Amino acid sequence: MTTAVDLGVEAPEVVERTSTEERRATIIGIILMVLAAVVLGVFAFGVPPDATSTFNLSLPTDAIQNLSVSFNSRLFSGVAAVLIFVLGVDRLRRRNLRWTNAALGIGLLLFVLAFLAWAAADSSFSLVGMLRSTVISSVVITLGALTGLTCERAGVINIGIEGQLLSGAFVAVVLSSAFGTLAGVAGGLIVGALLGALLAWLAIRFSVDQIIAGVVINILAVGLTSFLASRILSEAQNLNAPARVPSIRIPILADIPVIGPMFFDHTFFVYVTFLLVVALHFGFFRTRWGLRARSVGEHPKAADTLGIDVLKVRYRNVIGAGLIAGFGGAFLALAQISRFEENMTGGIGFIGLAAMIFGRWMPFGALAAGLIFGFSGALAQKVAILGTGIPSEFMLMLPYVATIIVVAGLVGRSRPPAADGQPYIKQ
Amino acid sequence: MSEVKTPMASKSPPPERPSWMDRVTGVGTSVGRSLLLPTLALITALIIGGFIIALSDIDSLKLLFSEPATAISQMWNEVLAAYKALFQGSVGSINAISETLFAATPLLLAGLGIAVGFRAGLFNIGAQGQMLIGGLIATYVGLYLNLPAILHIPLTLAGGLAGGMLWGGFAGLLKAKTGAHEVITTIMLNFIALFFMQWVLTTSGIQDPGRNNPVSAALPESAQLPKLFGSQYRVTIGFLIAIAAVFVVQWLLYRSSIGFEFRAVGSNPEAGRYAGMNVAVVVTLAMAIAGGLAGIAGANQVMGLEPYKATPSLAGFVGFDAITVALLGRSNPIGVMWAAILFGALSAGGREMQGAAQVPIDLVVVLQALIVIFVAAPGLIRAIWRVKADDGETVTQVSTGWGS
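Conventions we followed
- Residues numbered from 1 in each chain as written.
- Chains lettered and ligands numbered in written order.
- Predicted model: local features only at pLDDT ≥ 70, side-chain atom pairs only at ≥ 80, totals over all residues.
- Helix = DSSP H or I, 4+ residues; strand = E, 2+ residues; numbered from the N terminus.
- Rg over C-alpha atoms; globule rule 2.2 N^0.38 Å.
- Buried ≥ 20, exposed ≤ 12 C-beta atoms within 10 Å, placed from the backbone.
- Contact = placed C-beta atoms within 7 Å.
- pLDDT = per-residue confidence, 0-100.
- Pairing = 2+ DSSP bridges.
- Nonpolar A, V, L, I, M, F, W, Y, C, P; charged D, E, K, R; others polar.
- Expected span 1.5 Å × (residues − 1).
- Bend = angle between axes of the 7 residues up to and from the residue.
- Axes fitted to C-alpha atoms, helices over the stretch in contact; angles between N-to-C directions.
- Arc of directions from axis to C-beta.
- Parallel < 35°, antiparallel > 145°, perpendicular 65-115°, else oblique.
- Left-handed = near helix turned anticlockwise from the far one by under 90°.

**Student:** What exactly am I supposed to notice about the overall build of chain A here?
**Tutor:** A count of helices and strands for chain A gives 16 helices and five strands. Computed over the C-alpha atoms, the radius of gyration of chain A is 23 Å, within 12% of the 22 Å expected from 2.2 N^0.38 for a compact globule of 427 residues. With respect to the three principal axes, the spread of C-alpha positions in chain A is 75 × 65 × 40 Å.

**Student:** Would you take a moment to explain the overall build of chain B for this structure?
**Tutor:** Scanning chain B for helices and strands turns up 17 helices and zero strands. Expressed as a percentage of its 404 residues, the buried residues of chain B come to 56%. Contacts in chain B between residues far apart in sequence, at least 24 positions, make up 75% of those at least 6 positions apart.

**Student:** Looking at this model, I keep getting lost on the confidence of the model for chain A. Mind explaining?
**Tutor:** Fine structural detail should not be taken from predicted coordinates in areas where pLDDT scores are low. Averaged over all residues, the pLDDT of chain A equals 88, while 95% of them reach at least 70. Segment residues 1-15 of chain A: pLDDT under 50, and nine contacts once partners within four positions in sequence are set aside and those in other chains are kept.

**Student:** Please explain the pairing of strand β1 (residues 52-56) of chain A as it appears in this structure.
**Tutor:** The side chains of a regular strand alternate between the sheet's two faces. Residues and elements named next belong to chain A. Examined bridge by bridge, β1 and strand β2 (residues 68-72) share five bridges and lie antiparallel to one another. The residue bridging asparagine 56 from the neighbouring strand is serine 68, located in β2. With three bridges connecting them, β1 and strand β3 (residues 124-126) associate as parallel partners. Counterpart to threonine 54 in the pairing with β3 is serine 124.

**Student:** Sorry, what's going on with the interface of chain A and chain B here?
**Tutor:** Accessible area lost during the coming together of the parts is what is often quoted as the interface size. On the side of chain B, 51 residues touch chain A, which itself brings 51 residues to the contact. Within the residue set of the side of chain A that touches chain B, elements represented by two or more residues are α6 (181-205), α7 (210-233), α13 (348-358), α15 (392-396) and α16 (398-407) of chain A. The leading source of residues in the side of chain A that touches chain B is α7 of chain A, at 16 residues. Considered class by class, the residues forming the side of chain A that touches chain B number 34 nonpolar, ten polar and seven charged.

**Student:** What should I look at first to understand the confidence of the model for chain B in this one?
**Tutor:** Residue and element names in this part refer to chain B. Scored by pLDDT, chain B has a mean of 86; 87% of the residues are at 70 or more. This stretch, residues 1-16, has a pLDDT under 50; its non-local contacts, to residues over four places away or in other chains, come to 28 contacts. Low confidence marks residues 23-29, where pLDDT is under 50. Its contacts with residues over four positions away, or in another chain, come to nine contacts. In the predicted complex, the global pTM is 0.87; the interface-specific ipTM is 0.84.

**Student:** Could you clarify how one ought to interpret helix α4 (residues 127-152) of chain A in this entry?
**Tutor:** At 3.6 residues per turn, the α-helix brings residues three or four places apart onto the same side. Residue and element names in this part refer to chain A. Between its terminal C-alpha atoms α4 stretches 36 Å, which fits the 38 Å expected from 26 residues at 1.5 Å a residue. Bending of α4 peaks at approximately 35 degrees at the position of valine 139. Burial analysis of α4 places 22 of its 26 residues in the buried class, the great majority of the element.

**Student:** For this particular structure, what's the right way to read the sheet that holds β2 of chain A?
**Tutor:** Sheet strands pair by backbone hydrogen bonding; their relative direction is either parallel or antiparallel. Residue and element names in this part refer to chain A. Taken together, three strands build an open sheet; the order of strands is β2-β1-β3 and the sheet is mixed. One side of each edge strand has no neighbouring strand; the edge strands of this open sheet are β2 and β3. Shown here is a sheet whose adjacent strand axes are inclined to one another by a mean of 20 degrees, direction ignored. Across the face of the sheet, helix α2 (residues 73-92) comes into contact with β1 and β2 while running at roughly 80 degrees to β2.

**Student:** Any chance you could explain helix α10 (residues 238-255) of chain B here in plain terms?
**Tutor:** Residues and elements named next belong to chain B. Between its terminal C-alpha atoms α10 stretches 25 Å, which fits the 26 Å expected from 18 residues at 1.5 Å a residue. Along α10, the residues that are buried comprise Gly238, Phe239, Ile241, Ala242, Ala245, Val246, Val249 and Leu253. The buried residues of α10 occupy one face: seen down the axis, they fall within an arc of 160 degrees. Structural note: α10 exposes Ala244, Phe247, Trp251 and Arg255 on the side pointing more than 90 degrees away from its buried face.

**Student:** Could you clarify how one ought to interpret the packing of α7 of chain A against helix α16 (residues 362-376) of chain B in this entry?
**Tutor:** Angle between the axes and distance between the axes: these two values describe a pair of packed helices. Axis separation between α7 of chain A and α16 of chain B bottoms out at 8 Å; the angle between their running directions is 155 degrees. As the angle between them shows, α7 of chain A and α16 of chain B are arranged roughly antiparallel. α7 of chain A and α16 of chain B meet at a crossing whose hand is left-handed. Facing Ile212, Val216, Ile219, Leu220, Val222, Gly223, Leu224, Ser226, Phe227 and Ser230 of chain A of α7 of chain A, the residues of α16 of chain B in contact are Asp362, Leu363, Val365, Val366, Gln368, Ala369, Val372, Ile373 and Ala376 of chain B. Taken together, the residues of the contact of α7 of chain A with α16 of chain B break down into 14 nonpolar, four polar and one charged.

**Student:** I'm lost on the environment of alanine 103 of chain A in this one. Help?
**Tutor:** All names here are of chain A. As for its placement among the helices and strands, alanine 103 is situated in helix α3 (residues 100-119). As a C-alpha pair, alanine 103 and isoleucine 84 span 19 residues in sequence and 8.7 Å in three-dimensional space. If near-sequence neighbours (up to four positions away) are discounted, alanine 103 is found in contact with Ile28, Leu32, Leu87, Asp90 and Arg91.

In structure tokens form, the structure reads like this:
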């Protein structure tokens, strides 16, 4: 292994970075102007001048009923187009480069709102319903991203998240059907941790390439769960009927319009995920464990010199991360879909990895990225129902296209832990 | 590919005391050594697979505590029946051999593509999507051209090649220009290709008239691959094309200058850059060629089997199995060929196993994953069997982090 020690080569990068940032501002400026043109040409002039769009802001179960906003579709999109255009022009001036991502974010938000106004012209659209399903679909993605960053902060790439989620889902469904939710969750956690241990063992003990080990774990998980599903679940249907997980309504907070149904009326999985984000942030950046884990991921040799057991830290983090993935699998199977289907994860573990990169290996970044990916998924589902003439397949591509855009660095390059993916062999 | 010295290597027994296994198998010749590891990997995987079959047999499990002897003999018989069917279905008859080669054809083509990627230091998980787009373009060429078979077949295959190159090359271009890691982009492109197929196969001009699900019209006879052993056996000349591809890839990687650049950039991109190679071009081209080979595999799935129609599921699970094929073959074209034939045999036998012994074919996927785990971790096999098997070339090291 050639472990390059990149000390002192950072200096010239600063100069180059300014120019890439400038180029990125230009690209994003052009993208924003194109978006403005689409909003004006398609969304504003694609509806009759007097069409009205209605966004519903309450669910039938809410305490405060029949909240909604109505507005003229064309006027709304026209204003949005002007705002996006102004943002684009501002980017082309190449000033305040640190606001580029914010400009892109606001521009995309306005674009999506104009799109929804167009799709809901002369009809109504449950905005709060979409935001609520955004939160629900973000949970697995966030948990996947947290799994990834817990491994990678310690220098182990985990491509096997997908397999951990899938196996966790399978075991959770079987155990929950037989013994109840608690057993299901416990089973999911255990199987996630076991696959984490397998990954760590292959990667650390046998120096198997970490990406290869992860991919093989995914294939193993698909094969094994499909095999067991068609051998056991197809015969014993009662094992594919997990106990219902009740929602816990948080008093008072759940009655707040919009925010309440979005965040405070969910199964315990969702609350645990939010708490986990906070706990991991605290753990990684405020505790001795976090400092050690990060040092192992950045410069294992230095950490070793200081007396940290590099391999032990890596084992502990990868196995601990497996618990998170197993929890995600249990949520997917018990609360989100409520049964096991072959290959039910459908690439969500990889979207989680993209969310980890997008979130710059930070727990709160993972949550924010998870919400954005969750939003694109929820948008795809809701718009497919609205019937806009856009083939639903194209809407379903959205989260995957968004993932490519994110990893292609349109939102700026992010730097992984320096020793990410490199086996460490004690000299 | 940096050679990874496993910690196990230093702990293996000293050479002057060969273990019992070495003496039994007469290990010592180089051929014996290079085959020993995959063979032991296969045997170990089959043993674990046997336990998986036995322990997932609900009827026997229920008896395990009341009548343990009956339960165990039932389990034993079931494992025996399953593996007998696996053997019969893969090499037990001419038809079985035809089925094995039939299943090996797309695995070999797509596996070669992944091997080319590995050699250039790229992990292409996108064979699935590349097969879909390749199959799609091949279907258009097959449906819209009206030529004699001698021209129509090569052109349709070329359509598959072009489609796959486009889809794979795009991931390569993204990697070269933005540093986007190909593992993530190729997986995302798989899903995009899948949704695209679900839509495009319902558009007029390609959809089978009178159907409302995504299915293309059937290719004309002039675009269908002829059968190799007569009409009663399914294997087509696609298998010969795949074998030809083995030698083309062998030449490309080890005899051509672009292949040298692939391998140079694959083992050390920085060194390649200093030697004056255009890493961006090499990466894009390597992914395009990898995708092109998968695209031919996709064309084969439309041109080479009844009812000669493209569907969104035409790639089946081949694109992922091809990864295990390339890993087992250690990214060496000849090795990939044997690996594809082995996995073709497992797949053909797996169908027989599902039909005759009611053991789901998904077991084959588990066996493949286990075989690759053991081949990728030679130390594990050495520890289990107490042999000093030759590592051969270490499996490609592809983890270079997410940065460019």
